[in-house]
Amino acid sequence: MTENAWTRWPSREALGPTGISRPRRLLAWAVRLLVLAMLLWAAFSQRHVGPWGALAAVAGIVVAALVSWAFFRTTYDHRLVPSLALMGVLLGIAVAAEATGFTGPALVIWCGCGVSALERLPLGAAVPSASAALASYSAFTNDVWLTTAATVAGMALAGYVLRLDAEARGGAQRLLAQERAARAAEAESAALAERTRIAREIHDVLAHSLSAQLVHLEAARLLIENGVDRQRILERVMAARGMARDGLAETRQALSALRGELTPLEDFLTGLVSGADGAEVTVTGERRPLPAEASQAVRRVAQEALTNVRKHAHGARVDVRLDYGEHEVTLDVRDSGGRPGELDGPGGGYGLLGMRERAELLGGSLDAGPDEEGFVVTLKVPV
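So, how was this worked out
Residues numbered from 1 in each chain as written. Predicted model: local features only at pLDDT ≥ 70, side-chain atom pairs only at ≥ 80, totals over all residues. Heavy atoms only, no water. Helix = DSSP H or I, 4+ residues; strand = E, 2+ residues; numbered from the N terminus. Buried < 20%, exposed > 50% of the residue type's maximum accessible area, 1.4 Å probe, protein only. Contact = heavy atoms within 4.5 Å. Areas by Shrake-Rupley, 256 points an atom, 1.4 Å probe, with all protein chains shown as cover. Axes fitted to C-alpha atoms, helices over the stretch in contact; angles between N-to-C directions. Parallel < 35°, antiparallel > 145°, perpendicular 65-115°, else oblique. Left-handed = near helix turned anticlockwise from the far one by under 90°. Nonpolar A, V, L, I, M, F, W, Y, C, P; charged D, E, K, R; others polar. Salt bridge = Lys/Arg side-chain N within 4 Å of Asp/Glu carboxyl O. Pairing = 2+ DSSP bridges. Polar contact = N/O pair within 3.5 Å; in protein donor to acceptor, adjacent residues only side chain to side chain. Phe/Tyr/Trp six-rings, centres within 6.5 Å; stacked < 30°, edge-to-face > 60°. Lys NZ or Arg CZ within 6 Å of the ring centre and 35° of its normal. Arc of directions from axis to C-beta. Core = buried A, V, L, I, M, F, W, Y, C linked by side-chain atoms within 4.5 Å.

The subject of this paragraph is the overall build of the chain. Looking only at helices and strands, one finds 11 helices and five strands in the chain. For the chain, the proportion of its 383 residues judged to be buried stands at 35%. A separation of at least 24 residues holds for 69% of the contacts in the chain among residues at least 6 apart in sequence. For the chain, the exposed area adds up to about 21,900 Å²; of that, 62% sits on carbon and sulfur atoms.

Now the structure itself:
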């Protein structure tokens, strides 16, 4: 069955107390207590009944209160048949009250049923239920017809206004819940991205450094087992020691990056090539701080490119150019070619494939390949 305005229930957020301000909640309870007090006063003020009749009237009022509470619960659970049955019980209690001379309580119950039906039931069930309740009120009230018509119209309007108000409150609660869920998902996504970034830094710094050390130490072990001369063994041990020292320095730099304590990029590049002969750094464009991810990508690619130069083109002239464009920063590292160098074992660098993946995650690109003289690595990262 297709749900429409006549068959749609008010949402649970609309029928529940969530979102109602404390003053308004106190006012609602005050009105309920006032109505209950008026009904009890009407039960004890009737002169045509004795003490037993008054007690019976009080029992009826208590039953009506319990049935009303049950009606509120079944409508909150969107149970139509029990809700209509309870509404019928309330109308029956009102008829019994009228038949025994308790006209005031009967009129109050009929009005309450009319308002509550329009507020809490689907309109297809609310309109006939409210019509029956307000028609009963009109039939037994002693007011003139104009006053009766105004009262009936006012009660119907009040019930519908309360319905609209509840639905607006329910809509606001749903929007608030969706916003909270979106914020939680955004926070979770940000935390996941941060964990991924930390994991990438740890992998780049430690995994490759330790694997390179392991290669040299394994080579040293094999040299010792084969009885090779002491100098070749010492070279392997010193290479592993140097990589451990470099790995420790890289770890400190990564921790500084995660804390946002990065040295200026130009100073980093200058320090990176300071120990290499024939290497120079050129910076063009308007210098400005870069986002941490972009800055780390430039640093890592520069380190990998220079490591490859030491490994594959020892003694080559190296030109490092950093260009600050309007929308992207470009790092260009090119060498003039040379002989294989000091890092002749595997695992000497971080891997251009990993650097390319890092650049693509930032929306950039990395190109690496030979040119007329040597090898060129070009990184472009949007900023």
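A few words on the packing of helix α10 (residues 292–312) against helix α11 (residues 352–361). A packed helix pair is summarised by two numbers, namely the angle formed by the two axes and the spacing between the axes. For the pair α10 and α11, the least separation of the axes is 10 Å and the interaxial angle reads 160 degrees. As far as their axial angle goes, α11 and α10 are roughly antiparallel. When you trace α10 past α11, the crossing you get is left-handed. Residues Q296, A297, R300, V301, E304 and N308 of α10 pack against L352, M355 and R358 of α11. Of the residues in the contact of α10 with α11, the class split is four nonpolar, two polar and three charged.

Checked against the element boundaries, D332 lands in strand β3 (residues 328–335). Classification of D332 as buried rests on a relative accessible area of 13%. Beyond its immediate sequence surroundings of up to four residues, D332 is in contact with D319, V320, R321, V376, V377 and T378.

This part is about the pattern of salt bridges. Tallying each qualifying case throughout the model produces eight salt bridges. Across the pair E167 and R163 runs a salt bridge, and its minimum N-O distance is 3.8 Å. Placement of the pair is E167 and R163 together in helix α7 (residues 145–225), with a separation of four residues, close to one helical turn. Note on R163: relative accessible area 3%, which makes it buried. Across the salt bridge formed by R221 and E225, the nearest N and O atoms sit 2.5 Å from each other. Of this pair, R221 and E225 are both found in helix α7, four residues apart, which corresponds to roughly one turn of the helix.

For β3, the buried fraction is high: six of the eight residues fall into the buried class. The pairing of strand β2 (residues 318–324) with β3 spans seven bridges and is antiparallel. Considered in β3, the bridge of L322 is made with L331. Taking the residues that link successive antiparallel strands as the turn, the β2-β3 hairpin has three residues.

Attention shifts here to the environment of D143. Take D143: it is sitting in the loop between α6 (123–140) and α7. Among the residues examined, D143 registers a relative accessible area of 40% and is labelled partly exposed. Within the structure, D143 has its side chain in polar contact with the side chain of T141 (distance 3.4 Å).

Moving on: unusual backbone geometry. In this structure, H78 is a non-glycine residue whose phi angle is positive, near 60 degrees. With respect to the secondary-structure elements, H78 resides in the loop between α3 (51–76) and α4 (80–99).

Another aspect to go through is the packing of aromatic side chains. For the coordinates displayed, the defined rule picks out two aromatic pairs. A ring pair is formed by W110 and F140, whose centres lie 5.3 Å apart and whose planes are at 15 degrees; its orientation type is stacked. Of the two residues, W110 sits in helix α5 (residues 103–120) while F140 sits in helix α6, which places them 30 residues apart along the sequence. Above the face of the Y76 ring, R12 is positioned so that its terminal group lies 5.5 Å from the ring centre. The lysine or arginine in question, R299, covers the ring of F268, its NZ or CZ lying 5.0 Å from the ring centre.

To continue, consider α11. Those residues of α11 that fall on the buried side of the exposure criterion are L352, M355, R358 and A359. Looking straight down α11, one finds its buried side chains confined to an arc of 115 degrees; they lie on one side. Turned more than 90 degrees away from the buried face of α11 sit L353, E360 and L361, all of them exposed. Of the residues flanking the end of α11, it is G363, one or two places downstream, whose phi is positive at about 85 degrees.

By size, the foremost hydrophobic cluster in this structure holds 29 residues, and its most contacted members are L322, L331 and L379. Within the residue set of this core, elements represented by two or more residues are α9 (265–273), α10, β2, β3, α11 and β5 (375–382). Residues in contact with L379, not counting those within four places in the same chain, are A297, V298, V301, V329, T330, L331, A359, S365 and L366. Grouped together as the second largest cluster of nonpolar side chains are 26 residues, A94, F102, I109 and A126 included.

Spatially, β1-β2-β3-β5-β4 is the arrangement adopted by the five strands of the open sheet, whose pairing is mixed. Two strands lie at the open edges of the sheet, namely β1 (279–285) and β4 (365–370), each paired on one side alone. Between one strand and the next, the sheet's axes are offset by a mean angle of 10 degrees, whatever the strand orientation. Note that β4 and β5 share six bridges and pair antiparallel.

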